[in-house]
Amino acid sequence: MEYILIIISAVFVNNILLSQFLGICPFLGVSNKLSTAAGMSAAVCFVITLSTLVTYLLQHYVLDPLGVGFLQTIAFILVIAALVQMVEIVLKKLSPSLYSALGIFLPLITTNCAVLGVALTVVTKEFTFGGEAHMLNLGESVVYAFATSLGFGLAMVLFAGLRETLALNNVPKAFKGIPVALLTASILAMAFMGFSGLV
């Protein structure tokens, strides 16, 4: 039951983009086309899930036993950078069109605060289920990371669909481009606030 609560909470209630406002750069930058947003979401999903797994193990089996927990942020950033380089190499070989469509935003996953935010949240935040607060174990951490990245992808794809629809409509000149995108994002965030009493 805890895993279901973790998934619902991460995807809908505490959506990383629309509730926690982490990862806004790709949210606004890559959401012009649905295909690009879906590709970016898949890359971020892979990086968030794998980096959370690696950083959890690094924290609990290397940094904490050696008493060097203060190196947490630097170590996590190095892990994330290595994983993004791996994703970049794989995308360049397997999908050159997606690689070129993502352009500068693919290396920006390295500095995407959503990836580092999830990794840090998993090892530092206490989660409350059934009135009891506890730290997540490895399985719960990976499920939380995957669900958070699914929430990221859901928000990206919804927003990209809305932006494609807006591009076909007659938007007033003062609102064209980023202003209407920001208004749309705020309305989408308010819609996701409706899930706040769910968990």
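Scroll up for the structure.
Student: Can you lay out the state of the cysteines for me, pointing to particular residues and giving the numbers?
Tutor: For the coordinates displayed, the defined rule picks out zero disulfides. For Cys-25, which is in no disulfide, the shortest distance to another cysteine sulfur is to Cys-113 and amounts to 8.8 Å. Take Cys-25: its relative accessible area is 47%, and that puts it in the partly exposed class. Cys-45 takes part in no disulfide bond, and the closest cysteine sulfur, belonging to Cys-113, lies 17 Å away.

Student: Help me get a handle on unusual backbone geometry, residues and values and all.
Tutor: If you check the backbone angles, Phe-21 has positive phi at about 55 degrees while not being a glycine. Summarising the element assignment, Phe-21 is placed in the loop between helix H1 (2-13) and helix H2 (24-29).

Student: Hey, could you go over the packing of aromatic side chains for me, with residue numbers and the actual values?
Tutor: Applying the stated criterion across every chain, the model contains four aromatic pairs. For the ring pair Phe-12 and Phe-195, a centre distance of 4.9 Å and an interplane angle of 45 degrees mean the geometry is tilted. Of this pair, Phe-12 sits in helix H1 while Phe-195 sits in the segment after helix H8 (178-193), placing them 183 residues apart in sequence. Geometrically, the ring pair formed by Phe-192 and Phe-195 is edge-to-face, given 5.7 Å between the ring centres and 70 degrees between the ring planes. Grouping aromatic residues by their ring pairs yields a cluster made of Phe-12, Phe-192 and Phe-195. Against the face of Phe-127 rests Lys-125, its NZ or CZ located 5.0 Å from the ring centre.

Student: Lay out the environment of Leu-58 in plain terms, naming residues and giving numbers.
Tutor: Along the polypeptide, Leu-58 turns up in helix H3 (residues 34-66). The spatial distance from the C-alpha of Leu-58 to the C-alpha of Leu-120 is 12 Å, given a sequence separation of 62 residues. Residues within four places of Leu-58 in sequence aside, it is in contact with Leu-63, Ala-75, Phe-76 and Val-79.

Student: A description of the side chain of Thr-184 should follow, citing residues and the corresponding values.
Tutor: Relative to the helices and strands, Thr-184 resides in helix H8. Apart from the residues lying within four places of it in its own chain, the contact partners of Thr-184 are Phe-159, Leu-162 and Leu-166.

Student: I'd like to hear about the nonpolar core, residue by residue, with values.
Tutor: The biggest cluster of nonpolar side chains holds 48 residues, and the ones touching the most others in it are Leu-17, Leu-18, Phe-27, Ile-109, Tyr-144 and Met-156. For this core, the secondary structure elements donating two or more residues are H1, H3, helix H4 (72-94), helix H5 (96-102), helix H6 (113-124), helix H7 (138-168) and H8. Excluding its chain neighbours within four sequence positions, the residues that come into contact with Ile-109 are Met-40, Ala-43, Val-44, Val-47, Ile-80, Val-84 and Val-115.

Student: Can you lay out the packing of H3 against H4 for me, pointing to particular residues and giving the numbers?
Tutor: Relative to each other, H3 and H4 sit at 145 degrees, their axes nearing to 9 Å. Considering the relative orientation of H3 and H4, their crossing is right-handed. Facing Ala-43, Phe-46, Val-47, Leu-50, Ser-51, Val-54, Thr-55, Leu-58, Gln-59 and Leu-63 of H3, the residues of H4 in contact are Gln-72, Ala-75, Phe-76, Val-79, Ile-80, Leu-83, Val-84, Met-86 and Val-87. Classifying every residue of the contact of H3 with H4 by side-chain character gives 15 nonpolar, four polar and no charged.

Scoring rules and cut-offs
- Residues numbered from 1 in each chain as written.
- Predicted model: local features only at pLDDT ≥ 70, side-chain atom pairs only at ≥ 80, totals over all residues.
- Heavy atoms only, no water.
- Disulfide = S-S within 2.5 Å.
- Buried < 20%, exposed > 50% of the residue type's maximum accessible area, 1.4 Å probe, protein only.
- Helix = DSSP H or I, 4+ residues; strand = E, 2+ residues; numbered from the N terminus.
- Phe/Tyr/Trp six-rings, centres within 6.5 Å; stacked < 30°, edge-to-face > 60°.
- Lys NZ or Arg CZ within 6 Å of the ring centre and 35° of its normal.
- Contact = heavy atoms within 4.5 Å.
- Core = buried A, V, L, I, M, F, W, Y, C linked by side-chain atoms within 4.5 Å.
- Axes fitted to C-alpha atoms, helices over the stretch in contact; angles between N-to-C directions.
- Left-handed = near helix turned anticlockwise from the far one by under 90°.
- Nonpolar A, V, L, I, M, F, W, Y, C, P; charged D, E, K, R; others polar.

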